[in-house]
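Report on the structure
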Amino acid sequence: ASTRTSSLRGGDTARPLANMLWRLARYLNISTISFLSGSWFFPRQLLPYSTAFAFGTRTTMSPARPTSAETTWPDYLQRNGDCGTVQLAKLFPPLTSTSHKGSHGRIAVLGGNEKYTGAPYYAANAALHCGVDLATVFCASEASVPIKCYSPELMVQAIYSIDVLDGIHSEEQNLLDELRQYEQTNANLLTNELHEEDVLQTMEMLEHSDEKQHILAQQELNTDDRIDTITYKLEKMKKIGEELDQVRSRRDALIMDAVKSVTEMFPALHAICIGPGMGRHPVVFCVVEKVILSAMESKLAITLDADALYMMSLPEYRQLLEKLMQYGRCVLTPNVMELRRLAAVLDNTDKNTASIVIKKGASDVITKGPFEIQCAQEGGLKRSGGIGDVLAGTTTAFMAWNSILYDNDSAEGQERLFAAWTACCAVKTATKLAFGKRRRALSALDVIGNLPEVLDNMERDVNKTGS
């Protein structure tokens, strides 16, 4: 507490000088003077660190970390004043008499199974409480009824059944195991055939004896039996292979039906959040992979959270993760454990990474390649389950607004980075307000309930700055 107080006082003392230097920088068009003024985030240009981003790690060559007072929403407004009007004006789509349903955002959440029904609800409901107009949840059929009962405002669509996927996955694995057993048995039979030279040597020793004729007959029978056994097993393997193809065809049909249910809505969406409550079913991962690739082709804003991040940490999806890291409309929201998994799979220190990563913690760190912003907004002292889903939904709302306010090719990423930082500030502030009211009883729903007030105050701040 004493450290925070001293940093705040230091910021207040230095603020007049910082404002004067900022105005001088604007006049001279010199952005590097920001290092002299000590400011952290600027509306027209983000200042890159001298080191590449490697999933939240920085080398000792980086400048000193900014103080908490320099990375909060109020401090941004105080430091930048009217200089931030351009960027602030592009945070919230205006409310006008000509607005229609969908003008302020249409988002979707892909997640939810028989065990986790709250996570997708929190994410979608948080986006609605931020101010988006429409929110759809794509989930397992086992989760659709509970989520529908949570809120009449959500559109909920079941796109697959976990029970059906479990059955078809188990059937496929059983056939694969049986096929491997037959392959191994045939290999052993072929290996154990009698060598021709050994047979000839035995025949020469016995010459024309009756025992020789008996051995020849027995060898012929053994060979015939072995050939019959191998032939039978090859026919069985062929049959298993045909059954396996049929099972995989049914599986692929289920995957494509689920993918189609999601992607056919892409033209009507501004952003999609993937992962909350999704689970770790391997067939669901196949669905998600195709949905992500289609979303990238459609230039749709993507927020990845929870189980989607676990999926990205698997070696078989490394190429997909590398593509996402170069997709400018993607935001990843990992916690500490998820960050470690991603770092273990993707050893990437490329400072030109296009996607945005929100490293969640006491102070959220938001990065995009060499650019980094720290959200030191004070939050509550209770960390309840579901708050990460609230952040995912809030981030998705801001990404949807970014898609509405900017042309697809005009927002080069700095505006999205600023929007992601603002989303973190909003959730931290809502968490603090909720904690002040609920204390130890704080839940994710309490945080969601405070989002409208927080967002309204932030928008009022924007309007005051622009007036």
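Scroll up to find the structure.
Scope of this entry: the structure provided in the associated data block. Fair warning: this is a prediction, and the values are worked out from it, not measured in the lab.

**A word on the overall build of the protein chain**
- Check the secondary structure of the protein chain and you find 16 helices and 9 strands.
- Counting only residues that meet the buried cut, the protein chain has 50% of its 467 residues in that class.
- In the protein chain, the proportion of contacts linking residues at least 24 apart, taken out of those at least 6 apart, comes to 75%.

**Brief notes about the side chain of Ser151**
- Relative to the helices and strands, Ser151 is located in the loop between helix 6 (141-150) and strand 3 (155-160).
- Within the structure, Ser151 has its side chain in polar contact with the backbone nitrogen of Glu153 (distance 3.1 Å).

**Let's talk about the nonpolar core**
- Of all hydrophobic cores here, the largest spans 64 residues; its most connected members are Leu154, Ile366, Val390, Phe398, Trp421 and Leu455.
- The leading source of residues in this core is helix 15 (residues 414-438), at 13 residues.
- One finds Val287, Val291, Leu339 and Leu346 within the second-largest nonpolar core, a separate group that totals 46 residues.

**Quick look at the packing of helix 14 (residues 387-405) against helix 15**
- At a minimum axis distance of 9 Å, the contact between helix 14 and helix 15 shows a crossing angle of 140°. Here helix 14 is positioned oblique relative to helix 15, judged by the angle of their axes. In terms of crossing hand, the pair formed by helix 14 and helix 15 is right-handed. Residue-level contacts link Ile387, Val390, Leu391, Thr394, Thr395, Phe398, Met399 and Asn402 of helix 14 to Glu415, Arg416, Ala419, Ala420, Thr422, Ala423, Cys424, Val427 and Thr431 of helix 15.
- Residue composition of the contact of helix 14 with helix 15, grouped by class: 10 nonpolar, 5 polar and 2 charged.

**So, helix 13 (residues 336-345)**
- Three or more residues of helix 13 are buried, namely Glu338, Leu339, Leu342 and Val345. One side of helix 13 holds all its buried residues, which, seen down the axis, span an arc of 130°. Projecting away from the buried face of helix 13 at angles above 90 degrees are the exposed residues Arg340 and Ala344.
- Where helix 13 is buried, its residues contact helix 11 (307-312), helix 12 (318-325), strand 6 (330-332) and strand 7 (356-359).
- Looking at where helix 13 begins, the residue whose side-chain oxygen comes 3.2 Å from the main-chain nitrogen of Met337 is Asn335.

**Details of the pattern of salt bridges**
- Applying the stated criterion to the full structure yields 12 salt bridges.
- Across the pair Glu171 and Arg250 runs a salt bridge whose closest N-O atoms are separated by 3.4 Å. Here Arg250 lies in helix 9 (residues 210-263) and Glu171 lies in helix 7 (residues 162-191), a separation of 79 residues in the sequence.
- Its salt-bridge partner being Glu378, residue Lys432 comes within 3.3 Å of it at the nearest N-O pair. Taken as a pair, Lys432 in helix 15 and Glu378 in the loop between strand 9 (371-375) and helix 14 lie far apart in primary sequence, 54 residues in all.
- When salt bridges with common partners are traced through the structure, they connect Glu172, Arg248, Arg251 and Asp252 into a single cluster.

**Remarks on the environment of Ala426**
- Inspection of the secondary structure assignment puts Ala426 in helix 15.
- Along the sequence, Ala426 and Glu453 sit 27 residues apart, while their C-alpha atoms lie 9.9 Å from each other.
- Residues within four places of Ala426 in sequence aside, it is in contact with Leu451, Val454, Leu455 and Met458.

**With respect to the pairing of strand 9**
- Within strand 9, 5 of the 5 residues are buried, which leaves the element mostly enclosed by the surrounding structure.
- Both faces of strand 9 are covered, namely the face carrying Phe371, Ile373 and Cys375 and the face carrying Glu372 and Gln374.
- Both strand 8 (residues 364-368) and strand 9 contribute to a ladder of 5 bridges, which runs antiparallel. Bridge assignment links Lys368 to a residue of strand 9, and that residue is Phe371.

**What about unusual backbone geometry?**
- Located in the positive-phi region is Lys299, a residue other than glycine, with phi close to 55°.
- With a phi close to 50°, Arg439 is a non-glycine residue in the positive phi region.
- Among the structural elements, Arg439 can be located in the loop between helix 15 and helix 16 (444-466).
- Take Arg439: its relative accessible area is 49%, and that puts it in the partly exposed class.

Each value, and the rule that gives it
- Residues numbered from 1 in each chain as written.
- Predicted model: local features only at pLDDT ≥ 70, side-chain atom pairs only at ≥ 80, totals over all residues.
- Heavy atoms only, no water.
- Helix = DSSP H or I, 4+ residues; strand = E, 2+ residues; numbered from the N terminus.
- Buried < 20%, exposed > 50% of the residue type's maximum accessible area, 1.4 Å probe, protein only.
- Contact = heavy atoms within 4.5 Å.
- Polar contact = N/O pair within 3.5 Å; in protein donor to acceptor, adjacent residues only side chain to side chain.
- Core = buried A, V, L, I, M, F, W, Y, C linked by side-chain atoms within 4.5 Å.
- Axes fitted to C-alpha atoms, helices over the stretch in contact; angles between N-to-C directions.
- Parallel < 35°, antiparallel > 145°, perpendicular 65-115°, else oblique.
- Left-handed = near helix turned anticlockwise from the far one by under 90°.
- Nonpolar A, V, L, I, M, F, W, Y, C, P; charged D, E, K, R; others polar.
- Arc of directions from axis to C-beta.
- Salt bridge = Lys/Arg side-chain N within 4 Å of Asp/Glu carboxyl O.
- Pairing = 2+ DSSP bridges.

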